[in-house]
Amino acid sequence: MKKFLAMMLALAMVASLAACSSSSSSSDTTAAETEAATEAAETEGTDETEAADSTTGDGELITVGFAQVGHESDWRTASTQSCQDVFCEANGYELVFVDCDQDSAAQLDAVRNFIEQDVDYVIIDPIVSTGWDTVLTECEEAGIPVIVIDRTIDDSDNYTAWVGSDFTAEGYAAGEWLNAYAEAKGIEISGILVIEGTTGSSAQLGRTEGFQEIADNYGWTILDSQDGDFTEAGGQEVMESYCQSYSGQFNVVICQNDNEAFGAMTAMDAAGITYGVDGDVILISFDACTAGLEYVQAGSINADFECNPLAAPFVAEIIESLEAGEEVESTVYMTEHWYVAEEDVLTSITVNGEEQELTYVTDEIVEAQY
Ligand code: AHR
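Just so we're clear, the structure is a prediction, and the values are computed from it rather than from any experiment.

## Regarding helix α7 (residues 167-185)
Move 1: For α7, with 19 residues, the first-to-last C-alpha span of 27 Å sits near the 27 Å given by 1.5 Å per residue.
Move 2: Along α7, 15 of the 19 residues are buried, which leaves the element largely enclosed by surrounding structure.
Move 3: If you check the start of α7, you find a side-chain oxygen 3.3 Å away from the backbone N of Thr-168, and it comes from Asp-166.
Move 4: At the C-terminal side of α7, Gly-186 shows a positive phi close to 70°.

If you want it as structure tokens, here you go:
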């Protein structure tokens, strides 16, 4: 039933996205610009309701304020695009979009500015998982429902719903795949290096915890685990220092997103270290956006554990249910796949007693990806 609902929703969204692609109702601003706009409205004597009305036009559109993490990765670009496509005028929405540039203080300011603007709904993709209690209470007092997407908030449950990924499950899957792959290929794991995502984000916390648990089970040595901030530059910088410090001591690199993996590949190329299907180092990534899958298909990344960025249609469904006065699901997990470069090595892995399918990357899969 869930699958059927998801399919109907997807079909409905295809129709509405086509309508949206020709008209843009979203206002893309930085946190500072939004704050400045709010201050200007106050200076001009516009009260909060009037400020909101100026963004809603005739008042029929549903205003949605979205405090996005930033623009650090391909994944983030896909997430932003999905929200802008779904929350457009043709679908009955006015989107106030704020790119918080990975700055937690700016993200709190963005949410407070949404309250000032009296938006109908707030969407938050929390940069870090703590520090949210006060501002969520402020949203509640203002009567604005909050929907959290992607990353989780761990120090408050004062929001209406969350739609996102099970990051710990992604970490477990990466670990079990590595164990099964190394066994199948007769590779002994000598040392593992991890390039983590933004410290304190639930994506970093979950992937680290899940993989660490599997590493502990199999007695693997994690030589080092440093923050690459989910960026290509961060991944390259951390890998450059790893290549110097751990030369000859490692044969597995885990990057907690695709962009870090791109940077790590640049650093390993410069250091003369080979990786991927025909290389000396097993390279594992998370996200599986189009460019990541292209590297998997080419054999440069051995396995890529998907993090699905297309939450927006599910958020729209939640908002529509709330508008209709209906109950909503408080937790929605995105469907995700585990992608591998080699067809003939493994077709599935067992994670916590459950058999999980592996997907071999083909042209069709790359073309259909976000
Ligand atoms: O929260 C999702 C993570 O954030 C993605 O893995 C990463 O690419 C992004 O920056």
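## Side note on unusual backbone geometry
Move 1: Its identity as a non-glycine residue notwithstanding, Asp-118 has a phi of 55°, on the positive side.
Move 2: Secondary-structure assignment places Asp-118 in the loop between α5 (104-117) and β4 (121-124).
Move 3: In the Ramachandran plot, Asn-352 falls in the positive-phi region, its phi being about 50° despite a non-glycine side chain.
Move 4: Along the chain, the position of Asn-352 falls in the loop between β14 (348-351) and β15 (354-360).
Move 5: Residue Asn-352 is classed as exposed on the basis of its relative accessible area of 59%.

## A look at the environment of Gly-263
Move 1: Position of Gly-263 among the secondary structure elements: in helix α10 (residues 258-271).
Move 2: Placed 32 residues apart in sequence, Gly-263 and Thr-231 show a C-alpha to C-alpha distance of 7.9 Å.

## Let's talk about the packing of aromatic side chains
Move 1: Throughout the structure, instances matching the rule amount to 11 aromatic pairs.
Move 2: An angle of 70° between the planes, with centres 5.9 Å apart, marks the rings of Tyr-242 and Tyr-246 as edge-to-face. Both residues of the pair, Tyr-242 and Tyr-246, belong to the buried class.
Move 3: The rings of Trp-177, Tyr-181, Phe-286, Phe-305 and Trp-338 are connected pair by pair, giving a single aromatic cluster.

## Details of the site of the ligand
Move 1: In the region of the ligand, the neighbouring residues are Glu-72, Ser-73, Trp-75, Arg-76, Asp-150, Arg-151, Ala-203, Arg-207, Phe-230, Asn-257 and Asp-287.
Move 2: Take Glu-72: an N or O atom from its side chain is 2.4 Å from an oxygen atom of the ligand.
Move 3: One of the side-chain nitrogen or oxygen atoms of Arg-76 is found 3.0 Å away from an oxygen atom of the ligand.
Move 4: Within the complex, 100% of the 280 Å² of free accessible area of the ligand lies under protein.
Move 5: Elements supplying a minimum of two residues to the shell around the ligand: α4 (74-86) and α8 (202-218).
Move 6: Its residues assigned to classes, the shell around the ligand comprises three nonpolar, two polar and six charged.

Conventions we followed
- Residues numbered from 1 in each chain as written.
- Predicted model: local features only at pLDDT ≥ 70, side-chain atom pairs only at ≥ 80, totals over all residues.
- Heavy atoms only, no water.
- Helix = DSSP H or I, 4+ residues; strand = E, 2+ residues; numbered from the N terminus.
- Expected span 1.5 Å × (residues − 1).
- Buried < 20%, exposed > 50% of the residue type's maximum accessible area, 1.4 Å probe, protein only.
- Polar contact = N/O pair within 3.5 Å; in protein donor to acceptor, adjacent residues only side chain to side chain.
- Phe/Tyr/Trp six-rings, centres within 6.5 Å; stacked < 30°, edge-to-face > 60°.
- Near = heavy atom within 4 Å.
- Areas by Shrake-Rupley, 256 points an atom, 1.4 Å probe, with all protein chains shown as cover.
- Nonpolar A, V, L, I, M, F, W, Y, C, P; charged D, E, K, R; others polar.

By themselves, these observations are geometric and do not establish any function.
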